[in-house]
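Summary of structural features
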Amino acid sequence: ASPGEQPLDLYLNSNKVNLLPIGYGDGLDYFRAFSGTRIVNIYTHTGQSKFFSDTVNLKTDSVYSMFFIDKATKPGLLLLSDSLTKPAAGKASIRFVNVSPDAPAVDLAIKDTTTALVSNKAFKGYSPFFPLQANQTYTFEVRRHRQNTVLATLANVALNDNRVYTIWFHGLAATAIDSDKLKAEIITNVYYN
């Protein structure tokens, strides 16, 4: 989620996690990691030079999402504890995360509605997982907080039951580079049979 960043490789301590380079907007599925204090090392994929390092504390029997965030000139990590409880029958669970470093505080709403699902999330802000009616198609809007100004649209999203999702808002408000502009995307964290 770091706009303009080159393809990267992720290491926990000295163990490489990814097989293919991780580009801007890409991600990895959940993977197993040892609990305790771990050193997150980020290397450039092409030159294999380490340019970022930080520590995280991972608890036993816990699940996390980790975002590599901020502008390429001052990168950082956002580690979120994930609650992957199976949704109730006919429901999906969804969470919203704002990892845009220069956008204003935002709300998440369904198009053509006035009530926000999530309100006033600034950079690094996130909501808990919450239920939505499943087996429906939604168009989500990321709006400037308490305004109708739409900063990003996530159109025609089919939410299925027994699924847990994250909508993440990323990119830059102040950029002329199309690939780095504000956008919203959705991740399927887990699905249950």
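In this convention, every chain numbers its residues from 1, walking through the sequence in written order. Local features in this predicted model are restricted to residues of pLDDT 70 or higher, and side-chain atom pairs are both shown and tallied only at a pLDDT of 80 or more, whereas totals for entire chains, interfaces and linings draw on every residue. To obtain the side-chain values, all non-hydrogen atoms of the structure were used and water was disregarded.

A word on the overall build of the protein chain
Applicable threshold: Helix and strand definitions follow DSSP, with helices as H or I runs of at least four residues and strands as E runs of at least two, each counted in order from the N terminus. The classification of residues rests on relative accessible area computed with a 1.4 Å probe and restricted to protein chains. Under 20% of the type maximum is buried, over 50% is exposed, and intermediate values are partly exposed. Every residue pair with non-hydrogen atoms within 4.5 Å of one another is taken to be in contact. For the area figures, the Shrake-Rupley method with a 1.4 Å probe applies, and any residue is considered shielded solely by the protein chains shown. We score Asp and Glu as negative and Lys and Arg as positive, and we do not count His or the chain ends. The atom standing in for a charge is NZ when the residue is Lys, CZ when it is Arg, CG when it is Asp and CD when it is Glu.
Secondary structure assignment for the protein chain yields zero helices and 14 strands. Mapped from its N terminus to its C terminus, the protein chain presents α and β elements in the order β-β-β-β-β-β-β-β-β-β-β-β-β-β. Counting all 193 residues of the protein chain, 42% fall into the buried class. Excluding contacts between residues fewer than 6 apart, the proportion of contacts in the protein chain whose partners are at least 24 apart in sequence is 56%. Entry remark: accessible area of the protein chain is about 10400 Å², with carbon and sulfur atoms responsible for 49%. The positive charge centre, built from 19 side chains, and the negative charge centre, built from 16, are 5 Å apart in the protein chain.

What to know about the nonpolar core
Rules: By nonpolar core we mean a set of buried residues, namely Ala, Val, Leu, Ile, Met, Phe, Trp, Tyr and Cys, connected to one another through side-chain atoms within 4.5 Å.
Membership of the largest hydrophobic core comes to 23 residues, with the highest contact counts inside it found for I94, F96, F140, V142, L159, I167 and F169. Mapped onto this core, the elements with two or more residues apiece are strand 7 (91–98), strand 8 (106–110), strand 10 (130–133), strand 11 (136–144), strand 12 (150–159) and strand 13 (163–170). Residue contributions to this core peak at four residues, all from strand 12. Of all hydrophobic cores here, the second largest spans 12 residues; its members include L12, I22, I42 and Y64.

Remarks on the side chain of S127
Secondary-structure assignment places S127 in the loop between strand 9 (118–121) and strand 10. Under the relative-accessibility criterion, S127 is labelled buried at 5%. When near neighbours in sequence (up to four residues on either side) are disregarded, S127 contacts R95, F96, V118 and K121.

So, the environment of F34
Secondary-structure assignment places F34 in the loop between strand 2 (15–16) and strand 3 (36–44). As for F34 and K59, which are separated by 25 residues in sequence, their C-alpha atoms are 8.7 Å apart.

Let's talk about the packing of aromatic side chains
Put simply, the rule reads: Aromatic pairing here means that ring centres of Phe, Tyr or Trp (its six-membered ring) are within 6.5 Å. Orientation follows from the plane angle: under 30 degrees is stacked, over 60 is edge-to-face, and everything else is tilted.
Scanning all chains against the criterion turns up five aromatic pairs. Relative to F68, the ring of F51 lies with its centre 6.2 Å away and its plane at 80°, an arrangement referred to as edge-to-face. Taken as a pair, F51 in strand 4 (residues 50–58) and F68 in strand 5 (residues 64–69) lie far apart in primary sequence, 17 residues in all. The class of F51 is partly exposed, set by a relative accessible area of 31%. We classify F68 as buried; its relative accessible area is 12%. One aromatic cluster is present, formed by F51, F52 and F68 through successive ring pairs.

With respect to the pattern of salt bridges
Applied cut-off: One side-chain nitrogen of Lys or Arg within 4 Å of one carboxyl oxygen of Asp or Glu is enough to make a salt bridge.
This structure, assessed with the given rule, holds four salt bridges. One salt bridge in this structure joins K16 and D9, with 3.8 Å as the shortest N-O distance. With a relative accessible area of 38%, K16 lands in the partly exposed category. Linking R143 and E141 is a salt bridge whose minimum nitrogen-to-oxygen distance equals 2.9 Å. The exposure class assigned to E141 is buried, which follows from its relative accessible area of 10%.

Comments concerning the sheet that holds strand 10
For clarity, the threshold we go by: Two strands are counted as paired when DSSP detects at least two bridges linking them. Lines fitted to C-alpha atoms define the axes, with helix axes restricted to the stretch in contact, and inter-axis angles between N-to-C directions lie between 0 and 180 degrees.
One open sheet holds the four strands; their spatial order is 10-7-13-14, and the pairing between them is mixed. For this open sheet the edge positions go to strand 10 and strand 14 (183–191), each flanked by a neighbour on one side alone. Strand-to-strand, the axes of this sheet are offset by a mean angle of 35°, without reference to chain direction. In this sheet, strand 13 lies alongside strand 7 in parallel orientation, the contact comprising six bridges. Residue pairing in the sheet places I94 in a bridge with Y165 of strand 13.

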